[in-house]
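The primary structure of each chain is shown beneath.
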Amino acid sequence: MKILKVFNNNVSLVLNDDNIEEIIMGKGVGFNKREGDVIDSALIEKRFVLEGNNSVSNLDNLLARIDIEDIELASDIIQLGEAELEQSIDDSILLTLSDHIGFVLNRAAEGLQMRSPLEWDIKQIYTKEYAFALKAVQMMREKTGIEIPDQEAAFITLHFVNAYNSTSNMNETMLTTKIIQSIIDIIKYHYGKEYDETSYDFTRFITHIRYFVKRQLDKEISSNEDSSLINLIAVKYEQDYQCAVKIKTFLEQQYDWTISNDELMYLTLHLNRLSSNQ
(Lines give C-alpha, C1' and ligand atoms only; values in the text may rest on other atoms or scores of the structure.)
Protein backbone atom coordinates (compact mmCIF):
# COMPACT_ATOMS: atom_id res chain seq x y z
CA MET A 1 0.00 0.00 0.00
CA LYS A 2 1.26 3.45 -0.92
CA ILE A 3 0.30 6.71 0.74
CA LEU A 4 -1.85 9.12 -1.27
CA LYS A 5 -2.68 11.51 1.55
CA VAL A 6 -1.97 11.67 5.30
CA PHE A 7 -4.96 12.96 7.27
CA ASN A 8 -3.26 12.69 10.65
CA ASN A 9 -0.98 10.30 12.53
CA ASN A 10 -3.68 7.65 12.67
CA VAL A 11 -5.62 8.04 9.40
CA SER A 12 -4.37 7.98 5.81
CA LEU A 13 -5.64 7.52 2.28
CA VAL A 14 -3.73 4.82 0.38
CA LEU A 15 -3.72 3.04 -2.95
CA ASN A 16 -3.79 -0.72 -2.45
CA ASP A 17 -2.22 -3.44 -4.61
CA ASP A 18 -5.38 -3.54 -6.77
CA ASN A 19 -5.12 0.23 -7.47
CA ILE A 20 -8.19 0.90 -5.34
CA GLU A 21 -8.29 3.76 -2.84
CA GLU A 22 -8.77 2.93 0.84
CA ILE A 23 -8.98 4.92 4.01
CA ILE A 24 -6.90 3.11 6.62
CA MET A 25 -6.82 3.66 10.36
CA GLY A 26 -4.38 2.54 12.99
CA LYS A 27 -1.97 3.96 15.53
CA GLY A 28 0.88 5.62 13.67
CA VAL A 29 -0.17 4.73 10.11
CA GLY A 30 0.42 8.34 9.05
CA PHE A 31 3.24 9.28 11.40
CA ASN A 32 6.14 10.89 9.50
CA LYS A 33 4.66 9.60 6.21
CA ARG A 34 4.54 11.37 2.86
CA GLU A 35 2.85 10.74 -0.46
CA GLY A 36 4.36 7.65 -2.10
CA ASP A 37 5.60 6.07 1.14
CA VAL A 38 4.77 2.42 1.79
CA ILE A 39 2.58 1.53 4.78
CA ASP A 40 3.42 -1.23 7.23
CA SER A 41 0.27 -3.39 7.06
CA ALA A 42 0.82 -4.50 10.67
CA LEU A 43 -0.17 -1.00 11.80
CA ILE A 44 -3.57 -1.10 10.07
CA GLU A 45 -6.51 -1.67 12.40
CA LYS A 46 -9.40 -0.69 10.11
CA ARG A 47 -9.76 -0.39 6.34
CA PHE A 48 -12.48 1.16 4.20
CA VAL A 49 -12.41 0.60 0.45
CA LEU A 50 -13.54 3.57 -1.66
CA GLU A 51 -14.75 2.57 -5.10
CA GLY A 52 -16.84 4.08 -7.88
CA ASN A 53 -19.01 6.98 -6.76
CA ASN A 54 -17.49 6.80 -3.29
CA SER A 55 -13.93 7.42 -4.53
CA VAL A 56 -12.08 10.32 -2.97
CA SER A 57 -11.13 12.20 -6.14
CA ASN A 58 -10.78 15.61 -4.52
CA LEU A 59 -9.30 15.40 -1.04
CA ASP A 60 -9.35 19.14 -0.42
CA ASN A 61 -13.12 19.21 -0.90
CA LEU A 62 -13.52 16.14 1.31
CA LEU A 63 -11.56 17.64 4.17
CA ALA A 64 -13.42 20.94 3.82
CA ARG A 65 -16.68 19.09 4.31
CA ILE A 66 -15.76 16.31 6.76
CA ASP A 67 -13.56 16.68 9.84
CA ILE A 68 -11.15 13.83 10.46
CA GLU A 69 -12.58 13.47 13.98
CA ASP A 70 -15.98 12.77 12.41
CA ILE A 71 -14.45 10.06 10.21
CA GLU A 72 -12.85 8.44 13.26
CA LEU A 73 -16.13 8.61 15.19
CA ALA A 74 -18.03 7.15 12.23
CA SER A 75 -15.48 4.34 12.04
CA ASP A 76 -15.99 3.49 15.73
CA ILE A 77 -19.77 3.46 15.26
CA ILE A 78 -19.49 1.23 12.18
CA GLN A 79 -17.22 -1.21 14.00
CA LEU A 80 -19.67 -1.43 16.90
CA GLY A 81 -22.61 -1.76 14.49
CA GLU A 82 -21.08 -4.70 12.63
CA ALA A 83 -20.54 -6.51 15.94
CA GLU A 84 -23.97 -5.77 17.43
CA LEU A 85 -26.07 -6.19 14.29
CA GLU A 86 -24.03 -9.18 13.06
CA GLN A 87 -24.15 -7.72 9.57
CA SER A 88 -21.45 -6.92 7.06
CA ILE A 89 -21.62 -3.17 6.48
CA ASP A 90 -20.74 -1.78 3.06
CA ASP A 91 -17.69 0.47 3.15
CA SER A 92 -19.59 3.31 1.46
CA ILE A 93 -21.21 4.16 4.80
CA LEU A 94 -17.95 5.64 6.12
CA LEU A 95 -18.16 8.87 4.12
CA THR A 96 -21.95 9.25 4.25
CA LEU A 97 -22.08 8.63 8.00
CA SER A 98 -19.08 10.92 8.63
CA ASP A 99 -20.77 13.67 6.65
CA HIS A 100 -24.00 13.14 8.59
CA ILE A 101 -22.21 13.17 11.95
CA GLY A 102 -20.66 16.53 11.12
CA PHE A 103 -24.10 17.85 10.19
CA VAL A 104 -25.60 16.49 13.43
CA LEU A 105 -22.88 17.99 15.62
CA ASN A 106 -23.24 21.40 13.99
CA ARG A 107 -27.02 21.35 14.47
CA ALA A 108 -26.76 20.15 18.07
CA ALA A 109 -24.18 22.82 18.92
CA GLU A 110 -26.62 25.44 17.62
CA GLY A 111 -29.53 23.93 19.57
CA LEU A 112 -31.37 22.84 16.42
CA GLN A 113 -33.28 19.57 16.28
CA MET A 114 -34.67 17.66 13.31
CA ARG A 115 -37.07 14.75 13.24
CA SER A 116 -37.36 12.28 10.43
CA PRO A 117 -40.92 12.16 9.00
CA LEU A 118 -40.49 8.36 9.08
CA GLU A 119 -39.25 8.17 12.68
CA TRP A 120 -42.23 6.20 13.98
CA ASP A 121 -42.10 3.85 10.99
CA ILE A 122 -38.36 3.33 11.41
CA LYS A 123 -38.83 2.32 15.06
CA GLN A 124 -41.43 -0.27 14.01
CA ILE A 125 -39.70 -1.71 10.99
CA TYR A 126 -36.04 -1.66 11.97
CA THR A 127 -36.28 -2.39 15.69
CA LYS A 128 -32.84 -3.99 16.06
CA GLU A 129 -31.09 -1.31 14.00
CA TYR A 130 -32.90 1.47 15.86
CA ALA A 131 -31.88 0.03 19.23
CA PHE A 132 -28.27 0.06 18.07
CA ALA A 133 -28.63 3.61 16.69
CA LEU A 134 -29.64 4.81 20.16
CA LYS A 135 -26.34 3.39 21.44
CA ALA A 136 -24.54 5.18 18.61
CA VAL A 137 -26.15 8.47 19.67
CA GLN A 138 -24.94 7.86 23.22
CA MET A 139 -21.44 7.15 21.89
CA MET A 140 -21.54 10.44 20.00
CA ARG A 141 -22.51 12.28 23.20
CA GLU A 142 -19.66 10.70 25.16
CA LYS A 143 -17.04 11.31 22.45
CA THR A 144 -18.01 14.91 21.69
CA GLY A 145 -19.51 16.22 24.92
CA ILE A 146 -22.44 17.58 22.90
CA GLU A 147 -26.01 16.76 23.97
CA ILE A 148 -27.36 15.01 20.87
CA PRO A 149 -31.12 14.22 20.93
CA ASP A 150 -32.38 10.64 20.60
CA GLN A 151 -34.27 11.71 17.45
CA GLU A 152 -31.00 11.41 15.54
CA ALA A 153 -31.21 7.62 15.97
CA ALA A 154 -33.76 7.42 13.16
CA PHE A 155 -31.34 8.94 10.65
CA ILE A 156 -28.47 6.70 11.78
CA THR A 157 -30.76 3.68 11.46
CA LEU A 158 -31.40 4.47 7.81
CA HIS A 159 -27.68 4.82 7.13
CA PHE A 160 -27.07 1.30 8.44
CA VAL A 161 -30.06 -0.25 6.69
CA ASN A 162 -28.91 1.36 3.46
CA ALA A 163 -25.37 0.03 3.95
CA TYR A 164 -26.53 -3.60 4.18
CA ASN A 165 -26.77 -3.64 0.40
CA SER A 166 -24.15 -1.84 -1.66
CA THR A 167 -26.54 -1.61 -4.65
CA SER A 168 -29.19 0.34 -2.74
CA ASN A 169 -29.38 4.06 -2.11
CA MET A 170 -30.97 6.25 0.51
CA ASN A 171 -33.97 7.12 -1.68
CA GLU A 172 -34.67 3.42 -2.14
CA THR A 173 -34.30 2.81 1.59
CA MET A 174 -36.78 5.61 2.34
CA LEU A 175 -39.22 4.23 -0.26
CA THR A 176 -38.89 0.71 1.18
CA THR A 177 -39.65 2.05 4.66
CA LYS A 178 -42.74 3.88 3.40
CA ILE A 179 -44.03 0.80 1.56
CA ILE A 180 -43.50 -1.51 4.52
CA GLN A 181 -45.37 0.89 6.81
CA SER A 182 -48.28 0.97 4.35
CA ILE A 183 -48.38 -2.84 4.40
CA ILE A 184 -48.38 -2.85 8.21
CA ASP A 185 -51.27 -0.36 8.23
CA ILE A 186 -53.29 -2.59 5.88
CA ILE A 187 -52.65 -5.59 8.15
CA LYS A 188 -53.69 -3.76 11.32
CA TYR A 189 -56.86 -2.48 9.68
CA HIS A 190 -57.74 -5.88 8.20
CA TYR A 191 -57.32 -7.85 11.45
CA GLY A 192 -58.53 -4.99 13.64
CA LYS A 193 -55.74 -5.27 16.19
CA GLU A 194 -52.32 -3.99 17.18
CA TYR A 195 -49.23 -6.19 17.27
CA ASP A 196 -46.35 -6.57 19.68
CA GLU A 197 -43.70 -4.99 17.49
CA THR A 198 -40.89 -6.37 19.65
CA SER A 199 -42.04 -9.98 19.34
CA TYR A 200 -40.14 -12.62 17.40
CA ASP A 201 -43.12 -13.30 15.13
CA PHE A 202 -43.54 -9.64 14.19
CA THR A 203 -39.84 -9.04 13.51
CA ARG A 204 -39.68 -12.26 11.47
CA PHE A 205 -42.66 -11.08 9.43
CA ILE A 206 -41.05 -7.68 8.85
CA THR A 207 -37.89 -9.42 7.64
CA HIS A 208 -39.96 -11.33 5.07
CA ILE A 209 -41.66 -8.13 3.94
CA ARG A 210 -38.33 -6.33 3.59
CA TYR A 211 -37.06 -9.04 1.23
CA PHE A 212 -40.38 -9.10 -0.59
CA VAL A 213 -40.21 -5.34 -1.23
CA LYS A 214 -36.53 -5.60 -2.21
CA ARG A 215 -37.33 -8.28 -4.81
CA GLN A 216 -40.03 -6.07 -6.28
CA LEU A 217 -37.77 -3.03 -6.45
CA ASP A 218 -35.10 -5.17 -8.11
CA LYS A 219 -37.76 -6.52 -10.51
CA GLU A 220 -37.07 -10.11 -9.45
CA ILE A 221 -40.56 -11.29 -10.37
CA SER A 222 -41.51 -14.96 -10.29
CA SER A 223 -42.94 -16.34 -13.53
CA ASN A 224 -44.81 -19.21 -11.85
CA GLU A 225 -48.52 -18.61 -12.28
CA ASP A 226 -49.77 -22.06 -11.19
CA SER A 227 -53.08 -21.30 -9.50
CA SER A 228 -53.80 -24.74 -8.02
CA LEU A 229 -51.82 -24.28 -4.80
CA ILE A 230 -52.87 -20.68 -4.21
CA ASN A 231 -56.52 -21.75 -4.57
CA LEU A 232 -55.99 -24.35 -1.85
CA ILE A 233 -54.27 -21.77 0.39
CA ALA A 234 -57.10 -19.29 -0.23
CA VAL A 235 -59.65 -21.75 1.10
CA LYS A 236 -57.61 -23.00 4.05
CA TYR A 237 -56.51 -19.55 5.24
CA GLU A 238 -59.35 -17.42 3.96
CA GLN A 239 -58.91 -14.36 6.20
CA ASP A 240 -55.15 -14.26 5.67
CA TYR A 241 -55.59 -14.68 1.93
CA GLN A 242 -58.04 -11.78 1.83
CA CYS A 243 -55.49 -9.59 3.61
CA ALA A 244 -52.78 -10.66 1.16
CA VAL A 245 -55.06 -9.73 -1.74
CA LYS A 246 -55.60 -6.28 -0.22
CA ILE A 247 -51.83 -5.81 -0.04
CA LYS A 248 -51.42 -7.08 -3.60
CA THR A 249 -54.13 -4.71 -4.88
CA PHE A 250 -52.61 -1.73 -3.08
CA LEU A 251 -49.10 -2.38 -4.41
CA GLU A 252 -50.26 -3.01 -7.96
CA GLN A 253 -52.37 0.14 -8.01
CA GLN A 254 -49.98 2.41 -6.11
CA TYR A 255 -46.64 1.25 -7.53
CA ASP A 256 -47.60 -0.64 -10.70
CA TRP A 257 -46.04 -3.82 -9.35
CA THR A 258 -46.81 -7.34 -10.51
CA ILE A 259 -47.43 -9.70 -7.59
CA SER A 260 -47.16 -13.34 -8.66
CA ASN A 261 -49.17 -16.23 -7.27
CA ASP A 262 -46.01 -17.47 -5.56
CA GLU A 263 -45.58 -14.15 -3.74
CA LEU A 264 -49.27 -14.06 -2.87
CA MET A 265 -49.09 -17.58 -1.45
CA TYR A 266 -46.02 -16.93 0.69
CA LEU A 267 -47.47 -13.63 1.87
CA THR A 268 -50.64 -15.46 2.93
CA LEU A 269 -48.66 -18.09 4.84
CA HIS A 270 -46.60 -15.45 6.65
CA LEU A 271 -49.74 -13.52 7.51
CA ASN A 272 -51.29 -16.69 8.92
CA ARG A 273 -48.25 -17.30 11.10
CA LEU A 274 -48.34 -13.70 12.33
CA SER A 275 -52.09 -13.62 12.99
CA SER A 276 -52.13 -17.04 14.67
CA ASN A 277 -49.31 -16.25 17.11
CA GLN A 278 -50.23 -12.68 18.08
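Residues numbered from 1 in each chain as written. Predicted model: local features only at pLDDT ≥ 70, side-chain atom pairs only at ≥ 80, totals over all residues. Heavy atoms only, no water.

1. Examining the overall build of the protein chain
Consideration 1: Each helix and strand in the protein chain was counted, giving 11 helices and four strands.
Consideration 2: Residues classed as buried in the protein chain amount to 47% of the 278 residues present.
Consideration 3: The long-range share in the protein chain, meaning contacts at least 24 apart out of those at least 6 apart in sequence, stands at 66%. (Helix = DSSP H or I, 4+ residues; strand = E, 2+ residues; numbered from the N terminus. Buried < 20%, exposed > 50% of the residue type's maximum accessible area, 1.4 Å probe, protein only. Contact = heavy atoms within 4.5 Å.)

2. What about unusual backbone geometry?
Consideration 1: Here glutamate 86, not a glycine, exhibits a phi torsion of approximately 55°, which is positive.
Consideration 2: By secondary structure assignment, the location of glutamate 86 is in the loop between α2 (68-85) and α3 (93-109).
Consideration 3: Positive phi, close to 60°, is recorded for aspartate 256, a residue that is not glycine.
Consideration 4: Among the structural elements, aspartate 256 can be located in the loop between α10 (238-255) and α11 (261-277).

3. Some details on the pattern of salt bridges
Consideration 1: Tallying each qualifying case throughout the model produces 13 salt bridges.
Consideration 2: With a shortest N-O distance of 2.9 Å, glutamate 263 and arginine 215 are connected by a salt bridge. In this pair, glutamate 263 sits in helix α11 while arginine 215 sits in helix α8 (residues 200-217), placing the two residues 48 residues apart along the sequence.
Consideration 3: Using a relative accessible area of 7% as the deciding quantity, one classes glutamate 263 as buried. (Salt bridge = Lys/Arg side-chain N within 4 Å of Asp/Glu carboxyl O.)

4. A look at the pairing of strand β2 (residues 11-15)
Consideration 1: Counting buried residues in β2 gives four out of five residues, a clear majority hidden from the surface.
Consideration 2: Sheet analysis places strand β1 (residues 2-8) next to β2, joined by five bridges and oriented antiparallel. Looking across to β2, one finds that valine 6 is bridged to serine 12.
Consideration 3: Hairpin connection between β1 and β2: a loop of two residues separates the two successive antiparallel strands.
Consideration 4: Pairing of β2 with strand β3 (residues 21-25) involves five bridges; the strand directions are antiparallel. When the sheet's bridge partners are listed, serine 12 is paired in β3 with isoleucine 24.
Consideration 5: What sits between β2 and β3 in their antiparallel hairpin is a turn of five residues, with asparagine 19 showing a positive phi close to 60°. (Pairing = 2+ DSSP bridges.)

5. Examining the packing of α3 against helix α6 (residues 152-163)
Consideration 1: Following both chains from N to C, one finds α3 and α6 inclined at 175°, their axes separated by 10 Å at the closest point. With respect to each other, α3 and α6 are oriented roughly antiparallel. Contacts from Ile93, Thr96, Leu97, His100, Val104 and Arg107 in α3 reach Glu152, Phe155, His159, Phe160 and Ala163 in α6.
Consideration 2: A class-by-class count of the residues in the contact of α3 with α6 yields six nonpolar, three polar and two charged. (Axes fitted to C-alpha atoms, helices over the stretch in contact; angles between N-to-C directions. Parallel < 35°, antiparallel > 145°, perpendicular 65-115°, else oblique. Nonpolar A, V, L, I, M, F, W, Y, C, P; charged D, E, K, R; others polar.)

6. Re the packing of helix α7 (residues 170-191) against α10
Consideration 1: As a packed pair, α7 and α10 sit with axes 10 Å apart at the nearest point and diverge in direction by 145°. The hand of the α7/α10 crossing is right-handed. Facing Leu175, Lys178, Ile179, Ser182, Ile183, Ile186, Ile187, His190 and Tyr191 of α7, the residues of α10 in contact are Gln239, Asp240, Gln242, Cys243, Lys246, Ile247, Phe250, Leu251 and Tyr255.
Consideration 2: Of the residues assigned to the contact of α7 with α10, the class counts are 11 nonpolar, four polar and three charged. (Left-handed = near helix turned anticlockwise from the far one by under 90°.)

7. Here's the deal with the packing of aromatic side chains
Consideration 1: According to the stated counting rule, one finds five aromatic pairs in the structure shown.
Consideration 2: Seen in terms of ring centroids, tyrosine 255 and tryptophan 257 are 5.7 Å apart; in terms of plane orientation they differ by 35°. Their pairing is tilted.
Consideration 3: Residue tyrosine 255 is classed as partly exposed on the basis of its relative accessible area of 21%.
Consideration 4: Of the residues examined, tryptophan 257 reaches a relative accessible area of 10% and is grouped as buried.
Consideration 5: Through pairs of rings, three or more aromatic residues link up here, namely Phe212, Phe250, Tyr255 and Trp257.
Consideration 6: Across from the ring centre of phenylalanine 103, 4.5 Å away, lies the NZ or CZ of arginine 107, which sits over that ring. (Phe/Tyr/Trp six-rings, centres within 6.5 Å; stacked < 30°, edge-to-face > 60°. Lys NZ or Arg CZ within 6 Å of the ring centre and 35° of its normal.)

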